[in-house]
Amino acid sequence: MNELNCVQNSSEIRTNWTREEAEALYNLPFNDLLFKAHCVHREHFDPNEVQQSQLLSIKTGGCPEDCAYCSQSARNNTELSASKMLEVQMVLEEAKKAKESGATRYCMGAAWRSPKDRDMRAIEMMVEGVKELGMESCMTLGMLTPEQILRLKDAGLDYYNHNIDTSERYYSEIITTRKFSDRIDTLNLVKEAGIKVCSGGIVGMGEKDMDRLDMLVSLATLDEHPDSVPINMLIPIEGTPLQDAEPVDPIDFVRLIAVARIMMPKSHVRLSAGRTEMSDETQAMSFFAGANSIFKGDTLLTTDNPEDSKDAALFRRLGIRPMGLKSCAAAHEPAE
């Protein structure tokens, strides 16, 4: 019999992963992979706690980028119209509601290639207001200049989200208005400024298994692993080039979560877009494999998200607790 045992302090933090190593993990027998991932997860986190964030679109539609998956691209034939950036007070009122419903991090996203300097003061005020509420703050605004990054840092921004979306090989099949290297450059600048990085990608866009693994390798070989790694399952949107994309096999998805947990032991691995299409069983296996963060609320920018009551019911069935802010801050300490 092949006996497996969890060995404490066995998960070395590495930034030199190779695709061959990622493939070897991915292709393990399913139970062996989940066991290994769960051991790593248990070493660094409380396995029965899940961090909850809430996401608000502060500026919707009209984006000049041509991302094939996105309803907000002005180049796609969706019916989403462009809007102006929300007023600061409205954003903070929504943040207060999110805190009252259990969110510890408030994420704000704008459909831009990059923010204009005239918008920066309002963005800074949003960050400052969220921090005053006692929540972690996160922004996703596209590419940034070094000066803009420093302004966000001075405002107290905790996290900056900038997904790499897919592998470098497949990137040009999904986006042509920027390069994969542009994304990596922005991540490096954000990290150098002392802001925590939130970066992941999307599966189900027609990519191959090797592209999904290469995406994880790109993240796991950054000088420091992202603090949060959102794994999105594509929601095909009518009017986008990917409207007829085939769904991702749930077992393949859980395998990817497990590999992400093993390669990036201290990162929060987030189940992001696509949870409305996941069964409770898929989510439960994902939590066991190392996912420990979700978005709450009934929308993610422009797409649906499970209602709070459904998440609460699943958490009760699984014995999972929402992660408090104190636990979030201490998440990089090994769990008992």
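Only a predicted model underlies this, so the values are computations on that prediction, with no experimental measurement involved.

So, how was this worked out
Residues numbered from 1 in each chain as written. Predicted model: local features only at pLDDT ≥ 70, side-chain atom pairs only at ≥ 80, totals over all residues. Heavy atoms only, no water. Salt bridge = Lys/Arg side-chain N within 4 Å of Asp/Glu carboxyl O. Helix = DSSP H or I, 4+ residues; strand = E, 2+ residues; numbered from the N terminus. Buried < 20%, exposed > 50% of the residue type's maximum accessible area, 1.4 Å probe, protein only. Pairing = 2+ DSSP bridges. Right-handed = clockwise from strand over helix to strand, strands pointing away. Axes fitted to C-alpha atoms, helices over the stretch in contact; angles between N-to-C directions. Parallel < 35°, antiparallel > 145°, perpendicular 65-115°, else oblique. Left-handed = near helix turned anticlockwise from the far one by under 90°. Contact = heavy atoms within 4.5 Å. Nonpolar A, V, L, I, M, F, W, Y, C, P; charged D, E, K, R; others polar.

Student: Lay out the pattern of salt bridges in plain terms, naming residues and giving numbers.
Tutor: Pairing is possible between side chains of opposite charge, provided their charged atoms come close. Inspection of every chain in the model, using the stated rule, returns 20 salt bridges. A salt bridge links arginine 121 to glutamate 124; the shortest N-O distance between them is 3.1 Å. Here glutamate 124 and arginine 121 lie together in helix α4 (residues 120–132), a separation of three residues that amounts to about one turn. Shared partners join several salt bridges into a network, and the residues in it are Arg121, Glu124, Glu128 and Arg151.

Student: Talk me through the pairing of strand β9 (residues 291–296); I want residue IDs and the actual numbers.
Tutor: Counting buried residues along β9, six of its six residues qualify, which places the element largely inside the surrounding structure. As paired elements, strand β1 (residues 49–59) and β9 share four bridges and run parallel to each other. Following the sheet pairing, glutamine 52 is matched in β9 by isoleucine 294. Pairing geometry for strand β8 (residues 268–271) and β9, over three bridges, is parallel. The residue of β9 that forms the bridge with valine 269 is alanine 291. With helix α10 (residues 280–289) bridging β8 and the parallel β9, this β-α-β connection has right-handed handedness.

Student: Report on unusual backbone geometry, specifying residues and quantitative values.
Tutor: Glycine aside, a negative phi is what most residues show, and trans is what most peptide bonds show. Not every positive phi belongs to a glycine, and aspartate 165 is a case in point at roughly 75 degrees. Following the sequence through the fold, aspartate 165 ends up in the loop between β4 (159–161) and α6 (171–174). For aspartate 165, a relative accessible area of 2% puts it in the buried group.

Student: Quick one: what's the story with the packing of helix α1 (residues 19–26) against helix α8 (residues 209–220), residue by residue and with numbers?
Tutor: Look at α1 against α8: their axes get within 9 Å of each other, and the N-to-C directions meet at 120 degrees. Here α8 runs oblique to α1, going by the angle between their axes. As α1 runs across α8, the sense of the crossing is right-handed. For the pair α1 and α8, contact is made by Arg19, Ala22, Glu23 and Tyr26 and by Asp209, Met210, Leu213, Asp214 and Val217, respectively. When grouped by side-chain class, the residues that make up the contact of α1 with α8 number five nonpolar, no polar and four charged.

These results come straight from atomic positions and should not be treated as a statement about function.
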